[in-house]
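Now for the letters of each chain:
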Amino acid sequence: MTTDLARQIYQDNLDAVSKALMDGDLHEMMRHIAVPNMMSTHDTEIVMSSPEELDLVTSDFREHLRGRGVETYTRTCLEAAFVAGRDDMIAGRHQTETTGRNGVVAVAPYVNHMVLMQIDDQWKGIWLQAILANSELEILSPDIAAAQAEARRMLDITRR
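**As for the overall build of the chain**
Helix and strand content of the chain: four helices and six strands. Scanning the chain from its N terminus toward the C terminus, one meets helices and strands in the order α-α-β-β-α-β-β-β-β-α. For the chain, the C-alpha radius of gyration of 16 Å lies close to 15 Å, the compact-globule estimate for 160 residues. The C-alpha extent of the chain, read off along each of the three principal axes, is 50 × 45 × 25 Å.

Structure below.
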C-alpha cells in the first residue's frame, strides 16, 4: 500500500465528513465515522458510544461554528500513511480551516491527528485529536465531556 493511496483515502474521508457535518447529515456521517469513536482536545476528551451521541456532539459543534460565523469548513490532509503491518488502518494529520462571509477567516486554522480504519469495506474515523483546547473552539460538547469526566472521576475513587 502506498502513501499516495493513504493520503487519498484520508482526504476523501475528510471531505465527506466535513460536508456531512455542515449539512447536518447524520446518516452520511455514520458512513465515515465509526461508533464508538474517541475525540479529544488538549483539555477534554469524549467517547461517542452511539449514533445519538455522535449526532448530539456534531450538532453542537456545527451550531458553535455557525455562531462564530463559519460558512465553509475545510480540512486538508498534511500527511497520511498506512500503519506498519496494517493495510486496514491509516494514521494522519490534517489542518482545519474555516471562512465566514466574504472569505474572511472565521476561526484560526488548527491541526488535528486522526486514525481511520477499514470496517466492512468502508474507511471510518475511529479517533481524532484536535491540537487546541476545547475552550478555544468548542469542538466537543461540554455537557457530554463533563458527564464523562465525572464518571471517570467516580470510577477512579471506587478503585482506591
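**Re helix α3 (residues 51-67)**
In a regular helix each residue adds 1.5 Å, so 17 residues correspond to 24 Å; α3 covers 24 Å between its end C-alpha atoms and thus fits that length. For α3, every residue scored as buried is listed here: Leu54, Val57, Thr58, Phe61, Arg62 and Leu65. Buried residues of α3, seen end-on, are gathered within an arc of 130° and therefore sit on one face of the element. Along α3, the residues that are exposed and aim more than 90 degrees away from the buried face are Glu52, Glu63 and Gly67. Within two residues after α3, Gly69 carries a phi angle of roughly 85°, on the positive side.

**Quick notes on empty space enclosed by the protein**
Going through the model one piece at a time under the given rule, you end up with one cavity of 30 Å³ or more. Contributing to the lining of the largest cavity are 24 residues, with Val17, Ile33, Met39, Arg75 and Leu128 lying nearest its centre. Counting only elements with at least two residues in the lining of the largest cavity, the list comes to α1 (3-23), β1 (33-40), α3, β3 (72-82), β4 (89-99), β5 (110-119) and β6 (122-130). Among the elements that take part in the lining of the largest cavity, β6 stands out by supplying four residues, more than any other. A per-class count over the lining of the largest cavity returns 15 nonpolar, eight polar and one charged.

**Some details on the sheet that holds β4**
With mixed pairing, the six strands of this open sheet are ordered in space as β2-β1-β6-β5-β4-β3. Two strands close off the open sheet at either side, each with one partner strand: β2 (45-48) and β3. In this sheet, neighbouring strand axes are inclined to one another by 25° on average, regardless of whether the strands run parallel or antiparallel. Relative to β4, β3 is paired through ten bridges, and the arrangement is antiparallel.

**A look at the packing of aromatic side chains**
Tallied over the entire structure, the rule returns two aromatic pairs. Relative to Tyr73, the ring of Phe61 has its centre 5.8 Å away and its plane inclined at 80°; by these criteria the two rings are edge-to-face. Residue Phe61 is located in helix α3, and its partner Tyr73 is located in strand β3; the two are separated by twelve residues in the primary sequence. Per residue, the accessibility class of Phe61 equals that of Tyr73, and both read buried. Judged by centre distance (6.1 Å) and plane angle (65°), the ring pair of Phe82 and Trp123 falls under edge-to-face. Of this pair, Phe82 sits in strand β3 while Trp123 sits in strand β6, and the two are 41 residues apart along the sequence.

**Focus: the pairing of β2**
Covered by surrounding structure in β2 are Ile46 and Met48 only, the residues Glu45 and Val47 on the alternate face being uncovered. The sheet contact formed by β1 and β2 spans four bridges and is antiparallel. Within β2, the position partnered with Asn37 by the bridge is Met48. Remark: four residues form the turn of the hairpin made by β1 and β2, two consecutive strands paired antiparallel.

**Some points on the nonpolar core**
Soluble, globular proteins show a tendency: their nonpolar side chains are buried together. With 33 residues, the main nonpolar core has Tyr10, Phe61, Leu65, Ile90, Tyr110, Leu137 and Ile139 as its most contacted residues. Looking at which element gives the most residues to this core, the answer is α1, with eight residues. Excluding residues that lie within four positions of it along the chain, Tyr110 makes contacts with Phe61, Tyr73, His94, Gln95, Thr96, Ala130, Leu132, Leu137 and Ile139.

Cut-offs used in this document
- Residues numbered from 1 in each chain as written.
- Predicted model: local features only at pLDDT ≥ 70, side-chain atom pairs only at ≥ 80, totals over all residues.
- Heavy atoms only, no water.
- Helix = DSSP H or I, 4+ residues; strand = E, 2+ residues; numbered from the N terminus.
- Rg over C-alpha atoms; globule rule 2.2 N^0.38 Å.
- Expected span 1.5 Å × (residues − 1).
- Buried < 20%, exposed > 50% of the residue type's maximum accessible area, 1.4 Å probe, protein only.
- Arc of directions from axis to C-beta.
- 1 Å grid on protein atoms, 1.4 Å probe; cavity = no way out; pocket = protein on both sides within 12 Å on 5 of 7 lines; lining within 4 Å.
- Points joined across faces, edges and corners; volume = space filled by probe spheres on them.
- Nonpolar A, V, L, I, M, F, W, Y, C, P; charged D, E, K, R; others polar.
- Pairing = 2+ DSSP bridges.
- Axes fitted to C-alpha atoms, helices over the stretch in contact; angles between N-to-C directions.
- Phe/Tyr/Trp six-rings, centres within 6.5 Å; stacked < 30°, edge-to-face > 60°.
- Core = buried A, V, L, I, M, F, W, Y, C linked by side-chain atoms within 4.5 Å.
- Contact = heavy atoms within 4.5 Å.

Note that all results are geometric; they support no functional claim without further evidence.
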